[in-house]
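Observations on the model geometry
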Amino acid sequence: MESKEEIQGNITIKRKSLLILNCLILSIGNCGGPLIMRLYFIHGGKRVWLSAWLQTSGWPVILIPLAITYLHRRATDPATKLFYMRTPLFMAAAIVGVLTGLDDYLYASGVARLPVSTSSLIIATQLAFTAGFAFLLVKEKFTYYSVNAVVLLTAGAGVLAMHTASDKPAGESRREYMMGFVMTLGAAALYGFILPLVELTYKKSRQEISYTLVMEIQMIMCLLATVFCTVGMLINRDFQAIPREARDFGLGDAKYYQVVVWSAVFWQCFFLGAIGVIFCASSLLSGILIALLLPATEILAVIFFQEKFQAEKGVALGLSLWGFASYFYGEMKENKTKKLAAPQTLMPPSNNPVGNA
């Protein structure tokens, strides 16, 4: 029979493995999503509501792992529930989903008007919003290392901002460019609020939060965001325009539908990874990881869209890596401190066979 320490150790290993998996999923979505969305607009796509809709319309993909986990549970417990989510949590996820739909529209509006390098650096400011809202909503405790990471990553975005004046697309008016800037900044602020709001939902939930329940929350969030954007598409007549836009697409109609499908897949990876990191760690780490991936998106934009890679982008990459290293060093140091303190805090009374946990 495993001891309490061995059981706790196994749980820690599983949680860290799940965190690494979600970081990888988030990385794929965070880098691939903006690039394929920009590809759509560069080659003739003009439907902002469609682009917003694609960010969450891949939600049925989550039904696959949910079905697998359900069948696994049913093999050992035939009376298991199909879904764990209760009504209060469903309502909270629905509200966050509507906010996500609005955020999707703001972001798509910005990407339609700005180069990837510019929109990505503006989105990086969501880290500052995430830090602020995490402090207000979930009382996130800041250490020297986490504050240092926020400062460095924000500074990296600031360095990138030095080259935005030369990034205005040819033929675009200054008014359109500024509108894109404001829309993208609004998306950053709103998503900086959504991340801690999801964490608050976890904390205030009156039921145990498992990773299966996290996937259910993600599914409801994306479903409601998709409904929100579907209403916008219906009003804007985007569904009727899709066949015509596919015929006129610069890469051909077959590639048009491939871009649409892969856009949905990449963005679903982003959202699932983001809330998975919140579940395994915190909304602040999720925000820091999104900011860290900014230089990677910049480099990919240079490779695929031939955007210029100025010296400022190299400096930003260095600052981002420094900030990420600072955050994880602080986490490692804090975990080490907790382990050293564990023998003193985990000594239960001799008459308690199961301990204080």
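Further up the page is the structure itself.
Now for a quick tour of the structure. Remember, predicted model here, so these are calculated numbers, not experimental data.

**Thoughts on the overall build of the protein chain**
Regarding its fold elements, the protein chain presents 14 helices and 0 strands. Taking all 357 residues of the protein chain together, the buried fraction comes to 49%. Entry remark: accessible area of the protein chain is about 18,200 Å², with carbon and sulfur atoms responsible for 68%.

**Description of helix H10 (residues 238–248)**
Listed in full, the buried residues belonging to H10 are Asp238, Ala241, Ile242, Glu245 and Ala246. Buried positions in H10, seen along its axis, are confined to an arc of 140° and lie on one side of it. Exposed residues lying more than 90 degrees from the buried face of H10 are Gln240 and Arg247.

**Let's talk about the packing of helix H4 (residues 87–113) against helix H8 (residues 174–204)**
Contact geometry for H4 and H8: axes closest at 7 Å, N-to-C directions at 160°. Between H4 and H8, the angle is such that the two are roughly antiparallel. Our pair here, H4 against H8, has a crossing hand that is left-handed. Class assignment for the residues of the contact of H4 with H8 results in 18 nonpolar, 7 polar and 3 charged.

**A short note on the nonpolar core**
The tendency in soluble globular proteins is for nonpolar side chains to be buried as a group. Tyr191, Val198, Tyr202, Ile217, Tyr256, Ile288 and Leu289 are the most contacted members of the largest nonpolar core, which totals 77 residues. Looking at this core, the element that brings in the most residues is helix H11 (residues 253–280), giving 13 residues. Not counting chain neighbours up to four residues away, the residues in contact with Ile288 comprise Leu127, Ala149, Leu153, Phe324 and Tyr327. One finds Leu114, Ile122, Ala124 and Leu294 within the second-largest nonpolar core, a separate group that totals 6 residues.

**Side note on the packing of aromatic side chains**
As enumerated under the stated definition, the model contains 18 aromatic pairs in all. Ring plane angle 70° and centroid distance 5.0 Å describe the contact between Tyr40 and Phe41, whose orientation is recorded as edge-to-face. For the pair Tyr40 and Phe41, one class covers both residues: buried. Ring geometry for Tyr145 against Tyr329: centres 5.3 Å apart, planes inclined by 70°, an arrangement best described as edge-to-face. In this pair, Tyr145 sits in helix H7 (residues 144–160) while Tyr329 sits in helix H14 (residues 311–345), placing the two residues 184 residues apart along the sequence. Feature note: the residues Tyr40, Phe41, Phe249, Tyr256 and Tyr257 constitute an aromatic cluster, connected by ring pairs.

**Here we look at the pattern of salt bridges**
For the structure on display, the rule yields 3 salt bridges. Among the salt bridges present, the one from Arg175 reaches Glu176, with a minimum N-O distance of 3.9 Å. Residue classification places Glu176 among the partly exposed positions, given a relative accessible area of 27%. Among the ionic contacts, a cluster of salt bridges with common partners joins Arg113, Arg175 and Glu176.

Calculation criteria
- Residues numbered from 1 in each chain as written.
- Predicted model: local features only at pLDDT ≥ 70, side-chain atom pairs only at ≥ 80, totals over all residues.
- Heavy atoms only, no water.
- Helix = DSSP H or I, 4+ residues; strand = E, 2+ residues; numbered from the N terminus.
- Buried < 20%, exposed > 50% of the residue type's maximum accessible area, 1.4 Å probe, protein only.
- Areas by Shrake-Rupley, 256 points an atom, 1.4 Å probe, with all protein chains shown as cover.
- Arc of directions from axis to C-beta.
- Axes fitted to C-alpha atoms, helices over the stretch in contact; angles between N-to-C directions.
- Parallel < 35°, antiparallel > 145°, perpendicular 65-115°, else oblique.
- Left-handed = near helix turned anticlockwise from the far one by under 90°.
- Nonpolar A, V, L, I, M, F, W, Y, C, P; charged D, E, K, R; others polar.
- Core = buried A, V, L, I, M, F, W, Y, C linked by side-chain atoms within 4.5 Å.
- Contact = heavy atoms within 4.5 Å.
- Phe/Tyr/Trp six-rings, centres within 6.5 Å; stacked < 30°, edge-to-face > 60°.
- Salt bridge = Lys/Arg side-chain N within 4 Å of Asp/Glu carboxyl O.

Such coordinate-based values are descriptive only and should not be taken to indicate function.
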